[in-house]
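Summary of structural features
Listed below are the residues making up each chain.
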Amino acid sequence: MTNGLAENLTNDGLARIVLQYILRSRGIVGENILLLALMRLQGDTETNDVQELYSRLSKVIKTINLKLHPLNYKVVRVSHGLGKNIVANKSEAFSAAQASSTTVTLPKSNRFFVYVDTGSVDETKLATRFSQKEIEFIKWALQEISNHGTVLKKLTPPETCTVMQEVNRIRRATLDDPIDWDRFVSFTVGSSALSRFKELNALEIEQLIIKLCEYKWFFRNGKGEIGVDLRCIAELEENLITSYGLLQCENCGRLATQGVMCSHDGTASSIWHVDCYQHHISHVSQDCKICGKSLVTSGVYVI
C-alpha cells in the first residue's frame, strides 16, 4: 500500500530524500531505522514482506551511489562488531519508531549505512575538515588505540559490560554455567593519555575529540575512554589494518575491535566479532585452529 508523498516521487526523488536523511544523521544510519524511514516515505507501514523492504532499500541505495560516483562519495553498508543483539538493545530510537509507526517486525540488525569518501586515500580524507596538526593528532591517536588493544589486562570482578554478557550468553549454548574468562583487551585509550600529544594543548585536544565523536570517527565509552567508531572503520579499514596493525576477524575478514580474542600465549592474536564468534563455535570449530585451545573455555574478551 502506498499513498501520500510516494505518489509524487520519482526514483531519483526518493533517493535524494533518503540521502538527505542519511546526511542529517551525521552520515550514519542503522539499517532498520532507514527501512522504517523508507516505509514512511512510500506510505507503506502495514507491509509484512521484510524481504521486499530489503529489496526496495537496496534499489534506493544503488540509485544514490550512481549519482554520488562522479563526486567520489558512496553509501556503504557495514556491520557493527558488537553484534545484532547488543546493537538492537541499544537502539531505543528504533524501538520507539517501530512501535509507533508500523505493524511489521524487522529482524534484529547490526548493519549501518555510512556515507563515505572514496576519492581520497588514508587520513587525507580529513584534510577538508581539519588542520595539519589535527590530522597528525588523529594519526597518533589511532596508533595509541591500536597499541592499547594488544595489552592483555586482568579482569577484576564484578566488572562487566554488554560484550561480556553477550559472549557469555553465547558460551552458555555450548557449555553449562561457564566460568567467566579472567582477561580482556580494549581498543580504547583514556583522554588523559591522548592529552600527551605535544602539538596541541589539552583544550584543543578535547575539542577535537568532541568533534571526532560527532563525526562518528571516534566514540567515548562510559569510562571516558576513546575508541574507533564505525565511520572511521568504513572509510579507513584497509589503512587501519595495514598501517596501524588492527586485526581482521577470522570469520569474515573485516576489521574487528570488539568481540573475542585468542591470544595464542603471547604470539599474534586471532579475533572474532561477537556474531562471528557465535557462528564459529556453532558451525566451524570450538577450538582455535592456530594454538588448539578451546574458544569456549579459554578466551579473551575484546570490550
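A brief report on the enclosed structure follows. None of the values given here were measured: they were computed from a predicted structure.

**Digging into the overall build of the chain**
Within the chain one finds 11 helices and 11 strands. The proportion of buried residues among the 303 residues of the chain is 49%. Considering only contacts in the chain between residues 6 or more positions apart, those separated by 24 or more positions represent 68%. With an accessible surface of roughly 15,300 Å², the chain has 49% of that area assigned to carbon and sulfur atoms.

**Things to note about the pattern of salt bridges**
Side chains that carry opposite charge are capable of pairing whenever their charged atoms lie near each other. On inspection of all chains with the given rule, the structure shows 12 salt bridges. Two residues, Lys139 and Glu136, come together in a salt bridge whose shortest N-O distance is 3.6 Å. One end of the pair, Lys139, and the other, Glu136, are both in helix 6 (residues 132-148), three residues apart, so they sit about a helical turn from each other. Salt-bridge contacts for Arg196 lead to Glu144; the nearest nitrogen and oxygen are separated by 3.3 Å. Taken together, the residues Arg196 in the loop between helix 8 (191-194) and helix 9 (202-214) and Glu144 in helix 6 connect sequence positions 52 residues apart. Given a relative accessible area of 14%, Glu144 falls into the buried group. It is possible to trace a salt-bridge network through shared partners that takes in Glu31, Arg77 and Arg111.

**Let's talk about the side chain of Glu235**
Along the chain, Glu235 falls in helix 10 (residues 230-242). Overall, Glu235 belongs to the buried group, its relative accessible area being 9%. A polar contact of 3.5 Å, which involves the side chain of Glu235, links it to the backbone nitrogen of Asp117.

**Concerning the packing of helix 2 (residues 31-41) against helix 3 (residues 50-68)**
The N-to-C vectors of helix 2 and helix 3 enclose an angle of 90°; their axes lie 10 Å apart at closest approach. Here helix 2 is positioned roughly perpendicular relative to helix 3, judged by the angle of their axes. Side by side, helix 2 and helix 3 meet where Glu31, Leu34, Leu35, Leu38 and Met39 of the first sit next to Leu53, Tyr54, Arg56, Leu57, Val60 and Ile61 of the second.

Criteria and cut-off values
- Residues numbered from 1 in each chain as written.
- Predicted model: local features only at pLDDT ≥ 70, side-chain atom pairs only at ≥ 80, totals over all residues.
- Heavy atoms only, no water.
- Helix = DSSP H or I, 4+ residues; strand = E, 2+ residues; numbered from the N terminus.
- Buried < 20%, exposed > 50% of the residue type's maximum accessible area, 1.4 Å probe, protein only.
- Contact = heavy atoms within 4.5 Å.
- Areas by Shrake-Rupley, 256 points an atom, 1.4 Å probe, with all protein chains shown as cover.
- Salt bridge = Lys/Arg side-chain N within 4 Å of Asp/Glu carboxyl O.
- Polar contact = N/O pair within 3.5 Å; in protein donor to acceptor, adjacent residues only side chain to side chain.
- Axes fitted to C-alpha atoms, helices over the stretch in contact; angles between N-to-C directions.
- Parallel < 35°, antiparallel > 145°, perpendicular 65-115°, else oblique.

Honestly, it's all geometry; don't read function into it.
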